[in-house]
Every structure is written in structure tokens, then in C-alpha cells.
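Residue-level listing of the chains:
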Amino acid sequence: MAYAIAVLLLVALSARLWWQSPMDLIAHEFDYFLGLFASSGENESKQWAAIGRLLHFGGFLVVGLLYLAIVGRFVREPEALSKGRIAGYAALVPLIFAAGMPWVSPDVFFYIGKGWEESHYGVSPYLIPINQLPGYQNDQMFANIFPGFLNTATGYGPIVQKVAELIAALSGGNEKLALALHKVVNLGLHGACSMLVYRLAPEKFARVAALSYAINPLICFSVLTCAHNDHWMNMFMLLALLALSRRRWAWAGAAVGAAFGVKYFPLVYMPILGLAALMQKGEGMGLAQRLSDAARLVIGFIATSVASFLIFYPEALPDLAGTLSSGGASVYRNSIYHFANVLSAVVVPSIFGSEAFLLSRQYMIDMGMSLRAVYIIIYVISLLLLLRRMRDDIFNGSVSACLGVTILYFIIANASNQEWYMTWLMGFALILPYKHAYSLAWRLSAFFLPLVIYTVKSDTIIAWLYSNTALYLLVLALGCRYLWCSRSDSGKVA
């Protein structure tokens, strides 16, 4: 219960904006108080912002430590809670998180705005930026969108965009109702994901895995408080793994295709599942059968992903290849680029007495192209190294590969390791039967969020640079530890 109370105290202050009319949130993004002291003088306002960052840091650190304590106790005493109490706790904590308002990275208002653009103004969210709509400045459905997003088309897949349109239409132009509907949908998705984790995890560890997923602070804050749309992708990927466990290859491909219709990263999982289909063992699994299963997988993926575009947004298809090759938006958070800047601005000058400098944006763009090439090479090598494990244990080998290539992407190629991106790997980690996989998920969930509030708006550039670098190093350390330990199955717990 201490954990639930700590979460309530953490999000309660932001929840007051449900009663604010009109809601004014985006002007106070990354302010823990969400403008409560914005009317003060400039210096005093900065002091309150700094106090808010400390409260965010301390609050999430306490929440993270309590989370680890709950999980640790449950690992030692897996029968300590009945199924009923687990279900009750798994419902209560997400509801508390959902009551909070997104004081960091409120992208949900962009979903709301793009959905309203389509449902109310009747234009394509893939072609027309919001700032080209007549009178958009006076429409409350656009009032809390990050200003930099007003001149862009949507970068999300057709499935979540269609959901956003439906939610916006149901809201009738009421921004708070639209936000509440997004949270209600995400609560349902969170419940579905938690049940899938329970179903897919090793039987002896299923309760621990499901509860640690359901009350996970990183997941709950990202998809319930901040209402990011990543749980659609997470759910479809878990459904793909459920289909894999039953050798339903067409359904597995269709589920990955649906995940691709949310965000485009799941494309990297298709070669893994394709290899799994080809590496199957068992009676009647001749080459012809394995090729047939691989074909079913590919057909399921293509049918679902292409249909989602052709049915809903055929106008988005011409730009899809460019979107995939670009590597996404040029946003830099908690990444290898910050680590490189610390080296160039602090470490190397301190050791060699050279001039300190920060990498230029163009240099980082060029560096990104090289890093993506390195990732592709390491991706191929990783799959080759995992072939034997996939042949011996098709399910766990495939999940291990999915988790491994996701970690490598965050470490090597991703320019923006946002907290909601970390939810991508949680399901993979918690359904594997390995201690090092659980450890990765639990520690990352406990220690990633405290520093997030410093990564965009800080008092100094040094605090900004060090906080982004610290979070990258956390991902690097935990990710490398997992990859090192995963060389063998020695950490198997079930």
C-alpha cells in the first residue's frame, strides 16, 4: 500500500488540471507544478521550477525503490498474494497513475489535435499540418500541442491515427474528454498487455511477471499518466509472440503488421520471426513445411500492414520509404550523442588539454547514418549467433533475439531514448525465464524516470548534458549486462 500512496502523492498535484478551464498545460511542460507558481517573479519562478525538478527526482526515486521492494518480496514469496489481491493491486496502481496529468512530454495532445484535424476539419493528418487550418489558434483541441508539432504531419502509423480520429470525434471537440478517452483506452491496453505477460511468462513465475508489469512505474507513467500510444504496439507484439508460441504463423505476421501500423520499429522483428519459422524442429517439419510457414508469416505481415494504409490513408504510402530510411525525427534525448558530447566537451579536454566543443547538428546527422549502418551489421551478426538457440528453443530464442536487437538499437543507433520507448522491451524481458532479463526490466523501470525532468529543461547546459548522458549510461550498463549474461542460459529461473 505504501507504493500506491507514494504514486498518489506524486501525481496528485498534476491532477488539479482536470478542473482547470481552459486547460493550460503545454506552456508549463517539464514543470512538476504545471504552472502553479507561474505568476511569481522570474527568479522566484525559476526557483520553484528547480524545486519541482527535485520533487520529481525524489518522488520517482522513492516510487522506484518501493517498486523494487515489492517485486523483491514477491520473488521470495510468490504465494504471498492471492490472485484476487494481485488483480486488485494491478487495477488500483494504474488507475492512480492515469489520474495524473502529463507534466513531461505530453505528446497525447498531438494525437488529440491530429485526430480532430481529420474528424472535424476533414483533411489528411499525413498531408496537412495543423497550422494550415483556418482559425486553429482559437480551437481548444489544438491549444496544448507542443508548438514545434503544429507545422508537421503525423509520423505515426495508420492504426493509431484512426483511433485518434475516432476518439476526437467521440469527444465532440472537448479536449479533456478526448484526453480521458485516450487514458481509458490505454488502461484497457495495459490490462491486456498484463494478461498477455501472465499468459506468456513461465508458469512458476507468471504472477511475479504479470504484477511487476501491471504496476511498473515506467510503463504506467508513460502510457497512463502521459498517455503515449506505445501500448498499442506492445500489445500487438505480445499477441505476435502468443501466436508464435502456438505456431500460428499467419496470425503472428498479422500481429507484427498491426504493430507496424502503430510505429515502424517492429519491422526489425520480422527477420527474427522469419528465421524462427525456418528453424523449427519437430515431426513433419520438413523444408517445404518450414518455407510454407515462413510464407504465411510474411503474407500475414504484408496483408495487415499494407491494408492498414490502403484502407485508411493511402496518401501516406509514398512517404513511407523516406520515413523509414530517415531514422525518425531529429530529436536527441538520453542517447549516444550526449555521451559523445561529454567526451568532446569534458573528458578529452580534461585529459589532453584540447579545446572543448559540442558536436554540431549536421555532424550528429552524419554520425547517425554511420551508426545505423553499424547497427544493421551488428543486428545481422546477432541473429547468426542466436540461430542455435532459436533452433533449440524457438520461443525463448525468438524473444531473446527481439529483446537483444531492441537493446542494441537503444545503445547504438537511437537518437532519442525516451522513457516510453523503454516500454517496448519490458514485455520481452518479463516473459523470458532468465534472471538477467527480469533484472534489466526491473532496474530500468526503477531508475530511469527520476532524471527525465532534467533532460529537456535544466538550469544549466551542464545539468542538461549530464542528465541525458546519465540516462544513456544507465541503458548502456543495464543493456550490456543483459547481453553479456545472455550468452548462455545459466540464469534460467523457470
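Whatever comes next refers back to the structure up there.
Just so you know, these numbers come straight off a predicted model, no measurement behind them.

K.L.:
An account of the layout of surface pockets is requested, with residue identities and associated values reported.
P.N.:
When its volume is computed, the second largest pocket comes out at roughly 490 Å³. Considering the residues around the second largest pocket, the lining is formed by 19 residues, among which Leu385, Leu386, Arg389, Ser486 and Arg487 are closest to the centre. Of all the secondary-structure elements, those providing two or more residues to the lining of the second largest pocket are α15 (361-385), α16 (387-392), α17 (394-413) and α20 (461-485). Among the elements that make up the lining of the second largest pocket, the one with the highest residue count is α17 (5 residues). Here the residues of the lining of the second largest pocket are counted per class, giving 9 nonpolar, 4 polar and 6 charged.

K.L.:
An account of the packing of aromatic side chains is needed here, citing residue identities and associated values.
P.N.:
Using the criterion set out here, one finds 35 aromatic pairs in the structure. Each ring, one from Phe33 and one from Phe37, has its centre 5.0 Å from the other, and the planes form 85°; the classification is edge-to-face. A relative accessible area of 6% means that Phe33 is categorised as buried. Where Phe110 meets Phe149, the ring centres are 5.2 Å apart and the plane angle is 55°; that geometry is what we call tilted.

K.L.:
Talk me through the pattern of salt bridges; I want residue IDs and the actual numbers.
P.N.:
The full count for this structure, using the stated rule, is 8 salt bridges. The partner of Arg53 in a salt bridge is Asp459, with the nearest N and O atoms 2.5 Å apart. On the criterion of sequence distance, the pair formed by Arg53 in helix α2 (residues 42-76) and Asp459 in the loop between α19 (435-447) and α20 is long-range, its members being 406 residues apart. Arg53 sits in the buried class, given a relative accessible area of 6%. Across the salt bridge formed by Glu77 and Arg73, the nearest N and O atoms sit 4.0 Å from each other. When salt bridges with common partners are traced through the structure, they connect Glu118, Lys162 and Glu165 into a single cluster.

K.L.:
If you had to explain helix α3 (residues 83-99) to someone new, which residues and values would you point to?
P.N.:
With 17 residues, α3 should reach 24 Å at 1.5 Å per residue; the first-to-last C-alpha distance of 25 Å fits that figure. For α3, every residue scored as buried is listed here: Ile86, Tyr89, Val93, Pro94, Ile96, Phe97 and Ala98. In the core, the buried residues of α3 are packed alongside α1 (2-15), α2, α6 (175-200), α7 (206-214) and α8 (217-225).

K.L.:
Got a sec to walk through the environment of Gly100? Specific residues and values, please.
P.N.:
Take Gly100: it is sitting in the loop between α3 and α4 (108-121). A C-alpha to C-alpha distance of 13 Å links Gly100 and Gln20, two positions 80 residues apart in sequence. For Gly100, the residues in contact, after removing those within four places along its chain, are Val11, Ser14, Lys183 and Thr225.

K.L.:
Describe in detail the packing of α6 against α7, supporting the description with residues and values.
P.N.:
At a minimum axis separation of 8 Å, α6 and α7 run at an interaxial angle of 160°. One finds that α6 runs roughly antiparallel with respect to α7. In this structure, α6 meets α7 at a crossing whose hand is right-handed. Residues His190, Cys193, Ser194, Val197 and Tyr198 of α6 touch α7, and the partners they reach there are Ala206, Arg207, Ala209, Ala210, Tyr213 and Ala214.

K.L.:
Let's hear about the packing of helix α10 (residues 249-260) against helix α12 (residues 287-312): which residues, and what values?
P.N.:
As a packed pair, α10 and α12 sit with axes 7 Å apart at the nearest point and diverge in direction by 30°. Classified by chirality, the crossing of α12 by α10 is right-handed. In this structure, α10 uses Trp249, Ala250, Ala252, Gly253, Ala254, Val256, Gly257, Ala258 and Phe260 to contact α12, whose residues at the interface are Asp293, Arg296, Leu297, Gly300, Phe301, Thr304, Ser305 and Phe309.

K.L.:
Before we move on, can you summarise empty space enclosed by the protein with the specific residues and values?
P.N.:
Taken as a whole and assessed by the stated rule, the structure comprises 4 cavities of 30 Å³ or more. Taken as a whole, the largest cavity spans an internal volume of roughly 110 Å³. Elements that contribute at least two residues to the lining of the largest cavity include exactly α5 (158-171) and α6. In terms of residue count, α5 provides more of the lining of the largest cavity than any other element does, 5 residues in total. Here the residues of the lining of the largest cavity are counted per class, giving 9 nonpolar, 5 polar and no charged. Here the second largest cavity defines a volume of roughly 80 Å³. In terms of lining residues, the second largest cavity is bounded by Tyr213, Met233, Asn234, Met237, Leu238, Leu241, Tyr269, Thr423, Trp424, Gly427 and Phe428. Among the elements of the structure, α9 (230-245) and α18 (423-431) are those that each provide at least two residues to the lining of the second largest cavity. Residue contributions to the lining of the second largest cavity peak at 5 residues, all from α9. Tallied by class, residues from the lining of the second largest cavity come to 8 nonpolar, 3 polar and no charged.

What counts, and where the lines are drawn
- Residues numbered from 1 in each chain as written.
- Predicted model: local features only at pLDDT ≥ 70, side-chain atom pairs only at ≥ 80, totals over all residues.
- Heavy atoms only, no water.
- 1 Å grid on protein atoms, 1.4 Å probe; cavity = no way out; pocket = protein on both sides within 12 Å on 5 of 7 lines; lining within 4 Å.
- Points joined across faces, edges and corners; volume = space filled by probe spheres on them.
- Helix = DSSP H or I, 4+ residues; strand = E, 2+ residues; numbered from the N terminus.
- Nonpolar A, V, L, I, M, F, W, Y, C, P; charged D, E, K, R; others polar.
- Phe/Tyr/Trp six-rings, centres within 6.5 Å; stacked < 30°, edge-to-face > 60°.
- Buried < 20%, exposed > 50% of the residue type's maximum accessible area, 1.4 Å probe, protein only.
- Salt bridge = Lys/Arg side-chain N within 4 Å of Asp/Glu carboxyl O.
- Expected span 1.5 Å × (residues − 1).
- Contact = heavy atoms within 4.5 Å.
- Axes fitted to C-alpha atoms, helices over the stretch in contact; angles between N-to-C directions.
- Parallel < 35°, antiparallel > 145°, perpendicular 65-115°, else oblique.
- Left-handed = near helix turned anticlockwise from the far one by under 90°.

These results come straight from atomic positions and should not be treated as a statement about function.
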